[in-house]
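Inside the fold
The lines below spell out each chain.
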Amino acid sequence: IMENINAKYVSQKISKTRWRLVSHSSLQQPDIFATGSWDNEVNKISFWSIGNHGGSDTDDGFEGDPQLLCEYKHDGDVLDLQFLDQDRIVTTSSTGAVTIFRHHQNSQTISVSHRWPRAHRYPCDNAPCTGVVCSSPEIVTVGEDGKIIVFRADQEGVIRVIENADSSTIHAVTYLRTTEILTVNSIGQLKLWDFRQQSDAPSQILSLSGDRVPLHCVDRHPNQQHIVATGGQDGMLCVWDVRQGSTPFSLMEAHSAEMWEVHFHPTNPDHLFTCSEDGSLLHWETSTHSDMPSFLQGGRNNSMISRSAMAPAGGNQSLISAWLSGDSSKGRLETTHMLPSQTLSVNSLDVLGQCLVCGTDGEAIFVNRQVPV
Amino acid sequence: MMEEVDVEPAVTNIPAASDGKHLGFAWGPGDILVYETLYKASGTCRCCSFIHEVRKDEDIYSPNLRKLFNESHHIFVGLQTIREDLPSKNKKPQFVSISKNYRSVIRACMEELQQVAEVATQYGNQVSILLAIELIWNLCEVLFIDAAPAGSLLLHLLDWVRLHKADVDEKAAEVLQSESPAEHHDYWDVVVSYVLQGRLEEARQMLVKQATLHPAARKMYKLMDTLLSKMPFYNPGGTQTLTEFDVKWRHWHGEVNRCLQDNSFASNQHLEIILGDEDTLLEHKELLSTWYHFLVTRLLFSHPTVKPTELHYYAQSCMTMFLDARSVPEPLDNILLAAFEFDIHQVIKECSIALNNWWFVAHLTDLLDHCKLLQSHNLHFGSNLREFLLLEYASGLFTHHSLWQLAVDYFDNCPEFGRVYLGLQIEHIPLDTERKALKVLRICEQRQMSEQVRSICKIMAMRALRNNRLGSALSWSIRAKDAAFATLISERFLQDYCTRGTFSDLDLIDNLGPAMLLSDRLTFLGKYREFHKLYGEKRFSEAAKLLLSLMTAKIAPRSFWMTLLTDALPLLEQKEVGHRAHDNMDKKRVLSSLNTFLKFSTSSFNTLAASQSPPSRTLRRALVNSVRV
């Protein structure tokens, strides 16, 4: 696993990295990813290619560094970045701006498609816009100002604003269903919002029973929509069942510092990936069907023992995902470090097919084309 | 180390400043702010409102060099983790490998820059500096880190020269690709260059072409070939001792001498150089191009068993011979000479002066220190040379808007002053976003820099408070365990309640959890809100109990006593409350506690009694009525 990964130094601290979407029908591996930088005098968004043009990979899997296709100046830190469609990305900025960029594949240039300059703001100051999620043409953003804003890619103004959605900073947002979103904030709450409702109150609030540890990232299980994973300041990975109760189902010690991103693998959700300020990127795999883990190719393995916050309240055992039980007797949970040690903070990761990309504060991008999923 | 100034200080003109004006200045961490003052030598003065920022070190802002800084940081951190207790026998290969890593990073950076330099000439200077740096580092690796003994020493030096004289291969390729290589005008240059570098195999292959062209002189070329092929090279891994090799070599050398004496090569004198005579070698000064190439070649052909301690003698004499009487040795020459003299401190000193960035000396010194090659004499200011250089380098990094994160690890590895430097500098990082503040905080927390933690959290909390983000402000005070600030926030909430009659940010107050215990005021706030909730749900007896405990626990702020008493009123007037026996008791308890409370807060009671406002009258009536119960 370690042999397949190499650092490419890019002279900018990477805050976000995302694979360009590939259509589900094709068996293509992703070949283009976008990155955003932060903490530079002039920040940039860039598009890179790893050259998987549909063909089969060599055995080696490492065919050379990612190549820069094009880049563009970005005003403020890129705090979040998502692909809206094949050609467009949405970014959120530390200036509070939300911008849609278009990548012109033929000429390898980038242009600004649409911009909302001070979408998130305070009365007399900028408010960084911390998170975005999109389902074309709808775009939802959240910010340090505690607002939730809904845009449409093709419309000038905003569609809806929830002004005082939160008294603390909202760090991340994701879709639960097409009309429902989840947000996490800096007082450790997971909130559900239903856009069909007119009221500006969340439909549900979940939080840990102990300390109010800020939550930084959230991701929903691709198939089982009630299962949600979050990560926060203390590096704990929490898995929640939003139907049952208001506290997480299982808590697992994952990292020794802030967890910045958590991702279920989109097509193999038995695999989960987390990255952290402590410089590590963990690959979690649960296997319920057999006692033998389905992969082991070297690298460092740490079997993490998880502790369930509460036992599943009866119900059909077979439907309860291995994630929720997290108990070593019911199924095994293996974790592997995917990066060489002693990197600076891994700020962002994305995984698609067998390809994983991540970016660090050490100004390096790592690409692994043979993730064992 | 640097008491006297070795060179004249450089003069920098500030173009925008007008003539004759007196300039004032202030030092920054890595730059100077210069401004025009009102004073002028003569005549009237016009005010100018500009401040000029004079930055010395442009390098850290170069995108290519950033890669160098990041990659070398990675290597540096790895180097620090090599365990001290391993025997030095095991560590040397590791150190050599690390040195090679550093060098490959320099090379990669240089190669990239070379590609860019073709387009933008201002990078040409940087390329030559990097070339020089790699040359010096390589020599230091050979002499100090690898510390090759006699025999291997020359082989390493040969490698060193070959690595830095790559133009031979280019020329050779050109010659070979031509129609008739042996007649190419550069042919003999290539052959001689090969020989000068000790690449005898390749020289012989080239000579074959000449031989085929001149069949008449075949015998001579055969002889040349034989001599070249028989030249002994020391094999460090072999069974032959150095003495045995020396004997064999002298034997070969004698044979070559004989061949030259009896004029076997009268028709072609190119290869006389293999005799190692200095003057003969100096005829090829242009091909040698540098005195250190001359040095290595001379040793190759006259004294291949040179010992490390003998090097400096040969180096000095070669340099003198090679350079014209008029030309002054350049800084690079002095540095290399110091290296050949095994004067590590002189090498470091010269490099520090010649280069405008501490990167090279800091990393090299650190590596040499790990190899235990630096004498640990302390400098005036208490820390040793390694630490001094690392501190200077890291402080330079800290002035960069982005590279400050790398500097942290360097400070961590400076045991004397690193922590102090870090503590002072980290507070000056601008915190534009919460995310950046969190990263800085994490650095401080990991190093138990509690003062900085508190200071940063306070800054962020104040900013949040100013923007009315009470939840964020509370989150920051929790992180800093700042009870005073938590109290401040609670006061804001309570003020809000007093003015508006309702609570704001219920999502926060309702979900305080254990954070409530951070400060008394915060606890009061949480409990008070709970009281309201209970009352709203018509759970009066529980509400009464809670209100009771709030009063008796003495955590209620004075300003709130009136409000609490007013809240007690409806409870006292609740007729439904007293249906069940224990509810009656509760009511009695409420009343008795109320009495006690009022007794202890006589001033409030007096104010109440004296005032004619409706709540106080109702309260008095209620109290009077209750006595009858």
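Since this is a predicted model, take the numbers as computed values, not measurements. (Residues numbered from 1 in each chain as written. Chains lettered and ligands numbered in written order. Predicted model: local features only at pLDDT ≥ 70, side-chain atom pairs only at ≥ 80, totals over all residues. Heavy atoms only, no water.)

So, about the overall build of chain A. Within chain A one finds one helix and 32 strands. The buried share among the 373 residues of chain A stands at 61%. Restricting to contacts in chain A with at least 6 residues of sequence separation, those with at least 24 account for 53%. For chain A, the computed accessible surface area is about 13,800 Å², with 47% contributed by carbon and sulfur atoms. (Helix = DSSP H or I, 4+ residues; strand = E, 2+ residues; numbered from the N terminus. Buried < 20%, exposed > 50% of the residue type's maximum accessible area, 1.4 Å probe, protein only. Contact = heavy atoms within 4.5 Å. Areas by Shrake-Rupley, 256 points an atom, 1.4 Å probe, with all protein chains shown as cover.)

The next thing to look at is the environment of Ser302 of chain B. Residue and element names in this part refer to chain B. Residue position: Ser302 is located in helix α12 (residues 291–302). Overall, Ser302 belongs to the partly exposed group, its relative accessible area being 27%. Separated by 28 residues in the primary sequence, Ser302 and Ile274 have C-alpha atoms spaced 8.6 Å apart. Apart from residues lying up to four places away in sequence, Ser302 is in contact with Trp249 and Gly276. Separated by 2.5 Å, the side chain of Ser302 and the backbone oxygen of Arg298 make a polar contact. (Polar contact = N/O pair within 3.5 Å; in protein donor to acceptor, adjacent residues only side chain to side chain.)

Take empty space enclosed by the protein next. On inspection of all chains with the given rule, the structure shows 13 cavities of 30 Å³ or more. Contributing to the lining of the largest cavity are Leu79, Thr130, Glu144, His171, His216 and Trp260 of chain A together with Glu434 and Arg435 of chain B. Classifying every residue of the lining of the largest cavity gives two nonpolar, three polar and three charged. (1 Å grid on protein atoms, 1.4 Å probe; cavity = no way out; pocket = protein on both sides within 12 Å on 5 of 7 lines; lining within 4 Å. Points joined across faces, edges and corners; volume = space filled by probe spheres on them. Nonpolar A, V, L, I, M, F, W, Y, C, P; charged D, E, K, R; others polar.)

With 200 residues, the main nonpolar core has Leu281 of chain A together with Trp160, Trp291 and Phe340 of chain B as its most contacted residues. With twelve residues, the single largest contributor to this core is helix α3 (residues 124–145) of chain B. Beyond its immediate stretch of four places on either side in the chain, Trp160 of chain B contacts Leu135, Asn138, Leu139, Tyr292, Val296, Leu336 and Phe340 of chain B. Core analysis: the next-biggest nonpolar cluster, separate from the first, contains 16 residues, Ala172, Leu190, Leu206 and Cys238 of chain A among them. (Core = buried A, V, L, I, M, F, W, Y, C linked by side-chain atoms within 4.5 Å.)

Under the criterion given, the structure shown has 29 aromatic pairs over all chains. Ring plane angle 65° and centroid distance 5.8 Å describe the contact between Tyr72 of chain A and Phe101 of chain A, whose orientation is recorded as edge-to-face. Placement of the pair is Tyr72 of chain A in strand β5 (residues 67–74) and Phe101 of chain A in strand β8 (residues 98–104), with a sequence separation of 29 residues. Measuring from ring centre to ring centre gives 6.0 Å for Phe294 of chain B and Phe322 of chain B, while their planes differ by 35°; the resulting arrangement is tilted. (Phe/Tyr/Trp six-rings, centres within 6.5 Å; stacked < 30°, edge-to-face > 60°.)

Now for helix α22 (residues 470–480) of chain B. Residue and element names in this part refer to chain B. With ten of eleven residues buried, α22 lies mostly within the body of the structure. All of the buried residues along α22 are Leu470, Gly471, Ser472, Ala473, Leu474, Ser475, Trp476, Ser477, Arg479 and Ala480. In this fold, the buried residues of α22 make contact with α20 (434–446), α21 (450–466), α23 (483–500), α24 (506–509) and α25 (520–536). Positive backbone phi, at 50°, marks Lys481, one or two positions downstream of α22.

Per the UniProt record, the feature "repeat: WD" (unreviewed entry) sits at residues 208–250 and 252–294 of chain A. With 0% helix and 44% strand, residues 208–250 of chain A has end C-alpha atoms that lie 11 Å from one another. (UniProt positions renumbered as here; feature names shortened; annotations may be inferred.)

On to the sheet that holds β8 of chain A. All names here are of chain A. In space, the four strands of this open sheet follow the order β6-β7-β8-β9, with antiparallel pairing throughout. The open sheet has two edge strands with one neighbour each: β6 (78–83) and β9 (109–116). In this sheet, neighbouring strand axes are inclined to one another by 25° on average, regardless of whether the strands run parallel or antiparallel. Note: β6 against strand β7 (residues 88–93), five bridges, orientation antiparallel. Across the sheet, the residue bridging to Val78 is Ser93, located in β7. (Pairing = 2+ DSSP bridges. Axes fitted to C-alpha atoms, helices over the stretch in contact; angles between N-to-C directions.)

For any part of a model where pLDDT is low, the fine detail of the predicted coordinates should not be relied upon. Residue and element names in this part refer to chain B. Within chain B, residue pLDDT values average 83, and 84% of them lie at 70 or more. Throughout residues 576–581 the model reports pLDDT below 50, and contacts reaching past four residues in sequence, or to other chains, amount to five contacts. Interface scoring of the predicted complex returns ipTM 0.88; its pTM is 0.85. (pLDDT = per-residue confidence, 0-100.)

We now examine the sheet that holds strand β4 (residues 43–49) of chain A. Residues and elements named next belong to chain A. Strand order in the open sheet formed by four strands is β2-β3-β4-β5, with antiparallel pairing between adjacent strands. With partners counted over all chains shown, the strands left at the sheet margins are β2 (13–19) and β5, one partner each. Going across the sheet, the axis of each strand differs from the next one's by a mean of 20°, ignoring polarity. As judged from the five bridges shared by strand β3 (residues 32–38) and β4, these two strands associate in the antiparallel manner. In the strand pairing of β4, Gly36 is matched with Ile45.

Moving on, we come to the interface of chain A and chain B. Contacts between the two partners involve 50 residues from chain A, matched on the other side by 41 residues from chain B. For the pair chain A and chain B, the two sides together bury roughly 3,900 Å², of which 46% comes from carbon and sulfur. Interface area lost by chain A to chain B is led by Tyr9, Ser167 and Gln342 of chain A, which between them contribute 18%. Linking chain A with chain B are six salt bridges. We note a salt bridge from Arg66 of chain B to Glu363 of chain A, for which the minimum N-O separation is 2.6 Å. Put simply, chain A and chain B have 30 residue pairs in polar contact (both at pLDDT 80 or more) between them. Residue classes in the side of chain A that touches chain B are distributed as twelve nonpolar, 23 polar and 15 charged. (Buried area = accessible area lost by both parts, 1.4 Å probe. Salt bridge = Lys/Arg side-chain N within 4 Å of Asp/Glu carboxyl O.)

Turning next to the pairing of β6 of chain A. Counting buried positions along β6 of chain A gives five out of six residues, so the element sits mostly inside the fold. Connecting β6 of chain A to the antiparallel partner β7 of chain A that follows it, the hairpin turn spans four residues.

All names here are of chain A. The calculated volume of the second largest pocket comes to roughly 1,500 Å³. Surrounding the second largest pocket, 49 residues form its lining, Leu21, Gln82, Asp219, His263 and Pro266 being those nearest its centre. Listed by contribution, the elements that provide at least two residues to the lining of the second largest pocket are β2, β6, β12 (129–135), β16 (170–177), β20 (215–220), β24 (259–264) and β30 (346–352). In terms of residue count, β16 provides more of the lining of the second largest pocket than any other element does, six residues in total. Counted by class, the lining of the second largest pocket contains 23 nonpolar, 16 polar and ten charged residues.

Right, let's talk about helix α26 (residues 540–552) of chain B for a bit. All names here are of chain B. An ideal rise of 1.5 Å per residue puts 18 Å on 13 residues; α26 measures up with 18 Å between its terminal C-alpha atoms. Within α26 the residues assigned to the buried category are Phe540, Ala543, Ala544, Leu546, Leu547, Leu548, Leu550 and Met551. In the segment just after α26, Lys554 is the residue with positive phi, at about 60°. (Expected span 1.5 Å × (residues − 1).)

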